[in-house]
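Spelled out from the first residue to the last, the chains are:
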Amino acid sequence: MELIKKAINGILRSMGMVNSVLKSVENTIIDLSNWIWDLPLLLLLMGGGIFFLFYSRLLPFKHFWHAIAVVRGKYDSTSGVGQISAFKALSTALSSTLGMGNIAGVALAISMGGPGALFWMWVSAIVGMATKYYTCSLAIMYRGKDDFGIVQGGPMYVITEGLGKRWKPLAIFFSIAGIFGSLPIFTANQLTQVLNDVLVPVFDLTSSVGSSLLIGVVISILVSIVIFGGIQRIANYASKLVPLMVVLYFLSVSYILFVNHTQILPVFQQVFSDAMTGNAVLGGSLGSIIIVGVRRAAFSNEAGIGTAPMAHGASKNVEPVKEGLVAMLGPFIDTLVVCTLTAIAILVTDSWQDPNIGGVTVTLSAFVKTMPQFGAVLLVFIVSIFALTSLFTYSYYGAKCIAFVFGTRYKKFYNYIYVLSICLGAVSSMAGVVGLFDISFALMAIPTMLSAIILSAKVNQATREYFKKISLNTNVI
């Protein structure tokens with residue numbers, strides 16, 4: 001009996017040591033993410049975006065409706081280059097951004113930075129439209145081929161094809177960061193959280209590590225069915241599910257705003273007031289609230305991070321400017337529309353002020369407060385679809401990164417790692433997961449923005465030529 005007690009005590013001490021080590025690792029990740037998302041990266045993303053905005057002579061505003069026409073297929077290409085249509089490329093890119101970044105990421109931004117964080121998300125999205133225009137135009141302009149001879153696009157190919165082979169270490173740097181940045185741990189973590197909050201109690205069970213692991217396994221199986229089919233299957237699912245979910249989410253949040261319409265004007269006043277002071281949460285730290293807004297906007301719309309150019313680089317478009325115009329709609333749809341809807345819904349219901357909840361549960365609270373009978377089930381359905389489409393797309397990004405570094409034959413191995421990491425994300429803490437994601441995105445942004453800034457003159461030249469053809473009524477492929 002004494003031996004059993006000693007054995008149990010030994011196991012408990014070992015578990016305590018493991019937990020202590022894991023907590024220490026998590027704190028290190030959080031500290032590193034806070035350090036890397038400081039002034040230099042803020043200047044690179046926001047400063048670079050402002051440079052693109054004015055260097056393009058405010059192109060996102062001047063040619064917005066032309067971009068809509070391109071998405072509608074008015075100028076579709078019949079070229080055999082690439083693998084998917086411009087609309088499917090946009091849907092694929094949006095399927096990675098329209099997800100937990102819009103629902104959980106916005107909740108995180110407001111919980112951490114107060115209502116004013118939304119204003120800086122708007123600013124980041126506006127300059128992000130110009131950033132997306134340049135980075136995704138370059139993704140078509142400087143496509144390369146993988147070791148199987150298939151045409152590919154993305155920042156790694158922009159660097160090697162546009163800047164030259166001597167810049168390949170920077171392309172490898174991006175790809176390695178992209179391998180980690182494309183892991184599904186945040187999306188799996190937040191989807192598991194909302195399913196634990198809503199579905200587990202229905203079966204008279206309590207949320208636990210076991211329930212989280214079970215949810216993670218189920219998600220892994222669903223994702224596996226799609227991601228092993230490649231970009232065509234991912235794009236087909238994304239192009240069907242994303243528009244439907246955007247409409248459903250828009251209608252749901254519109255109802256929340258209708259019910260709480262008397263609070264909308266005061267909330268907007270609070271957003272603008274707090275954006276200049278940071279008093280709501282950060283005690284008057286304007287610099288901190290800007291960083292929170294930009295950080296969460298980057299996670300939501302990915303402008304300057306480099307993931308979207310990988311999706312747009314697979315488009316059948318051979319005209320770089322057309323693809324750039326399509327891509328620049330991403331931050332508009334993602335942040336200026338969907339994220340704003342989420343944020344206002346959270347603010348008008350005051351769900352963000354509950355200190356006992358965080359992440360996606362803040363948004364869930366807003367739905368439940370307004371629609372007590374079916375709000376939870378509705379959000380779970382929407383979140384599940386958004387999350388799954390994000391999980392489909394990120395696997396493609398990570399597989400492209402691993403193929404660039406190690407060879408195309410290793411793409412399948414990444415998908416196995418990817419599926420297993422869903423289970424890891426399901427049982428991990430939110431703070432550590434967000435920190436790891438932020439670090440990866442920051443490291444991806446450095447080569448993406450640097451290469452785009454260096455090659456920006458090439459995009460401007462292509463822009464002039466493209467719109468000259470349009471003005472002369474010349475066919476533009």
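A brief structural summary. None of these values were measured; they are calculated from a predicted model. (Residues numbered from 1 in each chain as written. Predicted model: local features only at pLDDT ≥ 70, side-chain atom pairs only at ≥ 80, totals over all residues. Heavy atoms only, no water.)

### Examining helix 7 (residues 116-141)
Here comes step 1: With 26 residues, helix 7 should cover 38 Å at 1.5 Å per step; its first-to-last C-alpha distance of 38 Å lies within 8% of that length.
Here comes step 2: The sharpest bend along helix 7 reaches about 30° and sits at Gly-128.
Here comes step 3: Of all 26 residues in helix 7, 23 are buried, a share of seventy percent or more. (Helix = DSSP H or I, 4+ residues; strand = E, 2+ residues; numbered from the N terminus. Expected span 1.5 Å × (residues − 1). Bend = angle between axes of the 7 residues up to and from the residue. Buried < 20%, exposed > 50% of the residue type's maximum accessible area, 1.4 Å probe, protein only.)

### A closer look at helix 11 (residues 209-227)
Here comes step 1: Along its 19 residues, helix 11 runs 26 Å from first to last C-alpha, staying within 8% of the 27 Å computed at 1.5 Å per residue.
Here comes step 2: Of the positions making up helix 11, those classed as buried are Ser-211, Ser-212, Ile-215, Gly-216, Ile-219, Ser-220, Val-223, Ser-224, Val-226 and Ile-227.

### Quick word on the side chain of His-66
Here comes step 1: Here His-66 lies in helix 4 (residues 64-71).
Here comes step 2: One polar contact links His-66 to Tyr-466, side chain to side chain, over a distance of 2.6 Å. (Polar contact = N/O pair within 3.5 Å; in protein donor to acceptor, adjacent residues only side chain to side chain.)

### Digging into unusual backbone geometry
Here comes step 1: A positive phi angle is found at Leu-58, which is not glycine, with a value near 60°.
Here comes step 2: Examined against the element boundaries, Leu-58 turns out to sit in the loop between helix 2 (39-55) and helix 3 (59-62).
Here comes step 3: With a phi angle near 60°, Asp-350 is a residue other than glycine that sits in the positive phi range.
Here comes step 4: Within the secondary structure, Asp-350 is located in the loop between helix 16 (320-348) and helix 17 (360-370).

### Quick look at a nonpolar patch on the surface
Here comes step 1: Residues Val-209, Leu-213, Leu-214, Val-217, Val-218, Ile-221, Leu-222, Ile-225, Leu-424 and Val-427 make up a contiguous nonpolar surface patch of about 890 Å² in total accessible area.
Here comes step 2: Secondary-structure elements contributing two or more residues to the nonpolar patch are helix 11 and helix 19 (411-427).
Here comes step 3: Looking at which element gives the most residues to the nonpolar patch, the answer is helix 11, with eight residues.
Here comes step 4: Mapping Val-209 onto the fold places it in helix 11. (Patch = residues over 30% accessible without salt bridge, like charges linked within 9 Å, V, L, I, M, F, W, Y side chains within 5 Å. Areas by Shrake-Rupley, 256 points an atom, 1.4 Å probe, with all protein chains shown as cover. Salt bridge = Lys/Arg side-chain N within 4 Å of Asp/Glu carboxyl O.)

### Some points on the packing of helix 18 (residues 375-406) against helix 19
Here comes step 1: At a minimum axis separation of 9 Å, helix 18 and helix 19 run at an interaxial angle of 135°. On the basis of their axis angle, the class for helix 18 and helix 19 is oblique. When the axes of helix 18 and helix 19 are compared, the crossing they make is right-handed. Contacts between helix 18 and helix 19 pair Ser-390, Leu-391, Tyr-394, Ser-395, Gly-398, Ala-399, Ile-402 and Ala-403 from the former with Lys-411, Tyr-414, Asn-415 and Tyr-418 from the latter.
Here comes step 2: Residues belonging to the contact of helix 18 with helix 19 are distributed by class as follows: seven nonpolar, four polar and one charged. (Axes fitted to C-alpha atoms, helices over the stretch in contact; angles between N-to-C directions. Parallel < 35°, antiparallel > 145°, perpendicular 65-115°, else oblique. Left-handed = near helix turned anticlockwise from the far one by under 90°. Contact = heavy atoms within 4.5 Å. Nonpolar A, V, L, I, M, F, W, Y, C, P; charged D, E, K, R; others polar.)

Note that every value here comes from positions in space, so none of it alone points to a role or purpose.
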